[in-house]
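Listed here are the chains, written in short residue letters.
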Amino acid sequence: MNIILLGPPGAGKGTQARRLVEERGMVQLSTGDMLRDARTSGTEMGRVVAEVMDKGHLVTDEIVIGLIREKLLSGASSTGYIFDGFPRTLPQADALANLMEEVGQSVDHVIEMQIDDAVLVARVTGRSTCANCGEVYHDKTRPIPGNGKCVNCGGTTFKRRADDNEDSLKTRLLAYYKQTSPLIGYYYAKGALETVDGLAEIDDVAAQINAILT
Ligand code: AMP
């Protein structure tokens, strides 16, 4: 089973994707994570990607489609893929459909995580992750434990994303509404769209997603 998680920055896509990896053994394909890896590569491409990401703009379709293509062609996942942060434009959605056909698979569910824009700034600006395992924390709602150790792996180094600031979020949100939200209509028309209430507690959202997947 292959699924797409759709929603603005801060909707909880990464958090829910991590749960699906842990609970169902699915494979998370996050173009954001792949690009964050690329930016540390020291290449010219990495430098360009870093600049675009930090401002909150979208990286070119060509680059992200290339990253996904490479993953999909390197071997099928028997437990299914979670597309997290991809596709983000209509050309990316078309490219994904073609790629899936090429590898003899399909997208089974497109799950839109609906959220109130007013909560996104608070969600995004307070977040950090464990540098070792990627566990997600939030200054207000899920602070790093007082002993400074990650609850999941015991790691002691935490990081914040360079683009998790108010200015960058405004641009990211604009990019979402201009370039990504048309995908809601696109997948609705294909009969593939399902929605969950992204404002609910993490466990509730997970239960809503599980109900769709069973
Ligand atoms: P994310 O971790 O999904 O929030 O992505 C972080 C940043 O990476 C975005 O703001 C974009 O600059 C870039 N990015 C991630 N996925 C894509 C994509 N599918 N298309 C274009 N840019 C992307």
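The model shown is predicted, which means the values in this text are computed figures rather than measured ones.

Draft legend 1. How the structure looks around the packing of aromatic side chains. The tally for this structure, following the rule as stated, stands at five aromatic pairs. Consider the rings of Y81 and F83, whose centres lie 6.0 Å apart with planes at 40°: the pair is tilted. F83 gets classed as buried once you look at its relative accessible area, which sits at 0%. Judged by centre distance (4.8 Å) and plane angle (85°), the ring pair of Y186 and Y187 falls under edge-to-face. The rings of Y81, F83 and F86 are connected pair by pair, giving a single aromatic cluster. Positioned over the ring face of Y137 is R142, at 5.2 Å from the centre of the ring.

Draft legend 2. Layout of the state of the cysteines. Taken as a whole, this structure holds zero disulfides when the rule is applied. Counting only cysteine sulfurs, C153 is the nearest neighbor of C130, a cysteine outside any disulfide, at a range of 3.6 Å. Overall, C130 belongs to the buried group, its relative accessible area being 1%. Counting only cysteine sulfurs, C150 is the nearest neighbor of C133, a cysteine outside any disulfide, at a range of 3.7 Å.

Draft legend 3. The arrangement of the site of the ligand in detail. Around the ligand, 16 residues are found, and the nearest of them are T31, R36, H57, R88 and Q92. One of the side-chain N or O atoms of T31 is found 2.8 Å from a nitrogen atom in the ligand. Here an oxygen atom of the ligand and a side-chain polar atom of R36 are 2.9 Å apart. Coverage of the ligand by the protein chains reaches 97% of its 470 Å² of free accessible surface. Of the residues contributing to the shell around the ligand, the split by class is six nonpolar, five polar and five charged.

Draft legend 4. Representation of helix α5 (residues 90-102). Between its terminal C-alpha atoms α5 stretches 18 Å, which fits the 18 Å expected from 13 residues at 1.5 Å a residue. All of the buried residues along α5 are Q92, A93, A95, L96, L99 and M100. In a view along the axis of α5, the buried residues occupy a sector of 160°, so they form one face of it. Summarising the geometry of α5, the exposed residues directed more than 90 degrees from the buried face are N98 and E101. Residues of α5 that are buried make contact with β1 (3-6), α4 (61-73), β3 (81-84) and α8 (182-189). Just past α5, the residue G104 takes up positive phi, approximately 70°.

Draft legend 5. Focus on the pattern of salt bridges. This structure, assessed with the given rule, holds 16 salt bridges. As a salt-bridge pair, R39 and D54 come within 2.8 Å of each other at their nearest N and O atoms. Of this pair, R39 sits in helix α2 (residues 31-39) while D54 is found in helix α3 (residues 44-55), placing the two residues 15 residues apart along the sequence. R39 sits in the partly exposed class, given a relative accessible area of 27%. For D54, a relative accessible area of 31% corresponds to the partly exposed category. Where R47 meets E44, a salt bridge forms, and the shortest distance between an N and an O atom there is 2.8 Å.

Draft legend 6. Region of the structure containing the sheet that holds strand β7 (residues 158-159). Pairing is antiparallel in the open sheet, where three strands are placed in the order β6-β5-β7. This sheet does not close on itself; its edge strands, each paired only once, are β6 (136-138) and β7. As paired strands, strand β5 (residues 127-130) and β6 are joined by three bridges and run antiparallel to one another. Looking at the pairing, R127 lines up with H138 of β6.

What counts, and at which threshold
- Sequence order sets the numbering: in each chain, residues are counted from 1 along the sequence as written.
- At least 70 in pLDDT is required for a residue's local features to be given in this predicted model, at least 80 for side-chain atom pairs to be given and counted, and no such filter applies to totals for whole chains, interfaces and linings, which use all residues.
- No hydrogens and no water enter the side-chain calculation; it runs on all heavy atoms of the structure.
- Within 6.5 Å between ring centres, the rings of Phe, Tyr and Trp (the latter by its six-membered ring) count as paired, and their orientation is classed by plane angle as stacked under 30 degrees, edge-to-face over 60, tilted in between.
- The rule is simple: take the accessible area with a 1.4 Å probe, protein chains only, and divide by the maximum for that residue type; under 20% is buried, over 50% is exposed, in between is partly exposed.
- Should the NZ of a Lys or the CZ of an Arg lie within 6 Å of a ring centre and within 35 degrees of the ring normal, that charge is described as sitting over the ring.
- The term disulfide is used for any two cysteine sulfur atoms that are within 2.5 Å.
- Put simply, a residue is near a molecule or strand once any heavy atom of it comes within 4 Å of that molecule or strand.
- In protein, a polar contact requires one atom able to donate a hydrogen and another able to accept it; more generally it is a pair of N or O atoms within 3.5 Å, and residues adjacent in sequence count only if both atoms are side-chain atoms.
- Per-residue accessibility takes into account occlusion by the displayed protein chains alone, with areas from the Shrake-Rupley method and a 1.4 Å probe.
- Three categories are distinguished: nonpolar for Ala, Val, Leu, Ile, Met, Phe, Trp, Tyr, Cys and Pro, charged for Asp, Glu, Lys and Arg, and polar for the others, with Gly belonging to the last.
- Here a strand is any run of E in DSSP of at least two residues, a helix any run of H or I of at least four, and the numbering for each starts at the N terminus.
- Multiplying 1.5 Å by the residue count of a helix minus one yields the expected span of that helix.
- The arc in question is traced by the directions running from the helix axis to the C-beta atoms.
- Here, two residues are considered to be in contact whenever any of their heavy atoms come within 4.5 Å of each other.
- What makes a salt bridge here is a side-chain nitrogen of Lys or Arg within 4 Å of a carboxyl oxygen of Asp or Glu, nothing more.
- For two strands to count as paired, DSSP must find a minimum of two bridges between them.

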